[in-house]
Amino acid sequence: MKTAPTTVGTSWPRAGAVQPAVIDALVPEGTYRTTRRETVRDVAGAPLVELAQVPGLYVTRMLDRLRGSQASSADQPRALLAGRLRSAGSAFASDTLGGLTPQEHHRLVARATGVPVSVVRTATTTIAEALTHAVDTAERARPRAVLPRGRQHASNSGAVVWRRRGRLLGVNASGNHPAVHSLWLEALALGYRVAVRPSRRDPFTPYRLILALRSAGFADEDVLLLPCDHGVADALIHGSDLAMVFGGDETVDRYTGGWSRTPVLPQGPGRVKILLTGPWEPHLDAVVDSVAGLGGVSCLNATAVLVEQDVRGFAEALAERLSALRARPPEQEDAQLPCLPMAEARAVEDALRHGAAGCETVLGDVVAHDLGDGSAALQPSVHLLDDPMAGQLGLELPFPCVWVAPWSMDRGAAPLRGSLVVGVSTKDPALVDALLAEPSIRNVYGLDRPTWWLPPGMPHDGFLAEFLMRSTALAGT
Amino acid sequence: MKTAEALAVLDAALDTEVDQDELVQAAMQWHFSPETGTPFWLDRLEQLDFNPRSDVRTVDDLRMFPQFVDDLRYAPVESLLPRGYGGTAEVIGVFESGGTTGAPKRVLYLADWMEREMAGAMRAMDERGYPRGVNWLSLGPSGPHDYAELTDQHARRRNGVRFAVDFDPRWVRRCLREGRGEEADRYLDHVLTQAAHVLGSQRIGAIQAPPPLLERLARDERLVDLVRGQVQVITWCGTSMDPDTRDLLRNDVFPGIPVYGLYGSTMALGAAFERPATENGDSVFDSPSPHVTYTVVDPDSDKPVAVGERGQVVMHHLSKSALLPNNRERDVARRVAEPPGAKGHSVADVRPLETFTGVPVITGAY
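Residues numbered from 1 in each chain as written. Chains lettered and ligands numbered in written order. Predicted model: local features only at pLDDT ≥ 70, side-chain atom pairs only at ≥ 80, totals over all residues. Heavy atoms only, no water.

Visitor: How should I be thinking about the interface of chain B and chain A in this particular structure?
Guide: Quoted interface sizes are often the accessible area lost when the parts come together. Taken together, the contact between chain B and chain A spans 15 residues of the former and 17 residues of the latter. Between chain B and chain A, roughly 1500 Å² of surface is buried when both sides are summed, and carbon and sulfur atoms account for 48% of that area. Ranking the residues of chain B by area buried against chain A places Arg219, Asp244 and Leu248 of chain B at the top, with a combined share of 39%. Our count for the chain B to chain A interface comes out at 3 salt bridges. Note that Asp349 of chain B and Arg36 of chain A form a salt bridge whose closest N and O atoms lie 2.7 Å from each other. Linking chain B with chain A are 5 residue pairs in polar contact (both at pLDDT 80 or more), by the criterion used here. For the side of chain B that touches chain A, the secondary-structure elements that each account for two or more residues are helix 8 (181-201), helix 9 (211-219), helix 11 (243-253) and strand 13 (346-352) of chain B. Here the element with the most residues in the side of chain B that touches chain A is helix 11 of chain B; it accounts for 7 residues. Each residue belonging to the side of chain B that touches chain A can be placed in one class, and the counts come to 5 nonpolar, 1 polar and 9 charged. (Contact = heavy atoms within 4.5 Å. Buried area = accessible area lost by both parts, 1.4 Å probe. Salt bridge = Lys/Arg side-chain N within 4 Å of Asp/Glu carboxyl O. Polar contact = N/O pair within 3.5 Å; in protein donor to acceptor, adjacent residues only side chain to side chain. Helix = DSSP H or I, 4+ residues; strand = E, 2+ residues; numbered from the N terminus. Nonpolar A, V, L, I, M, F, W, Y, C, P; charged D, E, K, R; others polar.)

Visitor: It is not clear to me how the pattern of salt bridges should be interpreted in this structure. Could you clarify?
Guide: Taken as a whole and assessed by the stated rule, the structure comprises 56 salt bridges over all chains. We note a salt bridge from Asp448 of chain A to Arg449 of chain A, for which the minimum N-O separation is 2.7 Å. According to the relative accessible area criterion, Asp448 of chain A is exposed, its value standing at 60%. Classification of Arg449 of chain A as partly exposed rests on a relative accessible area of 28%. Several salt bridges converge on common partners, so that one network encompasses Arg36 of chain A together with Arg310, Asp349 and Arg351 of chain B. (Buried < 20%, exposed > 50% of the residue type's maximum accessible area, 1.4 Å probe, protein only.)

Visitor: Mind showing me how you'd approach the nonpolar core here?
Guide: The tendency in soluble globular proteins is for nonpolar side chains to be buried side by side. Within the largest apolar cluster, 128 residues are counted, with the highest numbers of intra-cluster contacts made by Phe65, Leu72, Ile207, Val227, Ile234, Phe254 and Val347 of chain B. It is helix 8 of chain B that contributes the most residues to this core, 9 residues altogether. In contact with Ile207 of chain B, other than residues within four places in its own chain, are Leu137, Leu199, Leu214, Val227, Val231, Val233, Ile234 and Thr235 of chain B. Residues Ala141, Ala216, Leu265 and Leu464 of chain A belong to the second largest nonpolar core, which totals 68 residues. (Core = buried A, V, L, I, M, F, W, Y, C linked by side-chain atoms within 4.5 Å.)

Visitor: Help me understand empty space enclosed by the protein in this model?
Guide: It is the rolling of a water-molecule-sized probe over the atoms that shows where space remains empty. Scanning the entire structure with this criterion turns up 3 cavities of 30 Å³ or more. For the largest cavity, the calculated volume is near 120 Å³. Taken together, 14 residues line the largest cavity, and the ones lying closest to its centre are Leu80, Ser321, Ala322, Leu323 and Leu324 of chain B. Residues belonging to the lining of the largest cavity are distributed by class as follows: 10 nonpolar, 3 polar and 1 charged. The calculated volume of the second largest cavity comes to roughly 70 Å³. Around the second largest cavity sit Val291, Gly296, Ser298, Asn301, Ala302, Thr303, Leu395, Glu396, Leu397, Phe399, Pro400 and Cys401 of chain A, which together line it. Looking at the lining of the second largest cavity residue by residue, the classes come out as 7 nonpolar, 4 polar and 1 charged. (1 Å grid on protein atoms, 1.4 Å probe; cavity = no way out; pocket = protein on both sides within 12 Å on 5 of 7 lines; lining within 4 Å. Points joined across faces, edges and corners; volume = space filled by probe spheres on them.)

Here you go:
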């Protein structure tokens, strides 16, 4: 069952290669090459790699065991941990890991997910920086009342210590954008074990990431990659103390709807919105960037724009700018739009057509652009609505697809509810206050930056530590 | 006289080798003659575009039969009893399929067939070193299913006592179909608690269980210790098991205890014990007897596939007690080379078909 540490490296698919390599599970014993494997294909349907499929029995027994003790990093001095995370970041960005150079890695992820290669490369930087700053980010989330780490002697008057809610975090990842893997790294800084179930579309990123963490000194039993089918994914969530689940509404609803005894932090669609008060012209660049940057596939991309003045003029100007984006295969340097297998692209197009019934199409009568090899690039779409409360404002599709609606001051913050980010241009501080007062809006930015702005140390959907840690009273010890 | 001679192969002594084509021809005579025939088949004679008594001569010819098993969901069981028994057949039971793909199908299990099936099972167990004189724990369904009867026979014929834990697979499937996985989990826990009582208080030398229950048992360290300390062989059956799980059970959870699969179908009235050696890491099952044979076919063209290729498993049962030819099972498998001289195909890497007859298959725990 156990194999020696991975020595693949000669058989990664390149042009003309026939024998796909295997991505093994990364387990406490090192690596695990299962008999049962799934073929990961590129957007044109060509096989790229075989992905191990870990059986449920293995996952449940291993997690049962690992939950019983804490990670070896749990009590490490902060400086040591910070150093390890930093060198993991540098290894992930620069080293050959599992036989993959960063360049090969970027090309494979682009071919498999359809995310433009330049976006994939930026995601690598995002992940490396998140590692570099993970300890600081975790520290920023620490409540002021809590004693610094390592000092747990309480005075007579009592003290507050910050404790982990569990020992093991399960992550059910998605493959829409590689940087989803920047979002669980704080858990390592907080001394958690982490078990990641990679998406079938992008097992490459967590594979190299976990190999990087191991090369930097994290124990094999503290960072795990457990590729598996849906049934076993349930076992992974069940077997974790806490879990993060990435995915669409259906996935997130399933795991948060009382099904799981494990507390789950959902990472669903962002439904990011932009609000333009006053003239929109100065902000057109920021809107285009918010909609189409990152390939338009991130939960941080803008899905809807609400406009106070000249909504039609804005929609047409936005459409003109977005229509300049060209369909290219994802591995090409100038690619900007996401690609999918033709059948999936058609399904997205159908979902759009269905969702857009009754709306005015400003751009994107045809979304799926046939690239001739079995894949399609998804070209931007802009639709104009007449009501800022219309349901379409929450319809998030995996490409630059945006809904534009009129807004007026008397509508206030209500149409912006349920947004991971609201990007706003306004001179009215009361409006900003109203947005901040709306509990279902997570982050509020000005339009001097795109909605996907997220440097290390800023909370994405709260700090992860808010989910992983709790404050505990300690007295008389 | 000629007829009686031709039919003799149906009553051949348990330890004699029978010619398979002779068996096919005798079964056709028996089940389709007005005097000895089975009412179920006689009623369907008109619908056949061939004459079974003259046209079906070989195992391959069994493929001429249309898919008839759906009729077993509604046929009165009396119609399944061949007239040739003259009202003296000993019926051990009426057994039902799991109901995975709709209303359950029913078959009759006659005592003379039980003798044949058990003779084969005992031979297979002897070849694999199954112990005698130990008690068995069987986790699996009773009620309308053949499982409880067969495991009881297994234990009894090896001079053991069988402890049973009851289990309703249809309830588990219903829970899963309705999205109540939590409820199915609770039920399996309930079943396992009962197994724990038996393992904790009785001497158990052999265990027979469907893979999901075996996996649950394997998660419980106390139960694993109780098994390791006394059990000499483990048999899994009822649903398929992936090779990685099987290897974990063999190498990590129950090292030193032989673990064998038993692949059968209620609709074939028989089961095959796993070959002692795997092929490419996969468990292999040879057609269990001349009476129960497999054919792996291309689901679209219906043609038998070549060795090494995957297809849908078709099962045939031929005996004095029953005729169940050309039944497409809910499984897909890879055909592997059969042992020398065998007529039926051998199968490896058996898995449930994604969907079957348009109804989604929920395999559940059995």
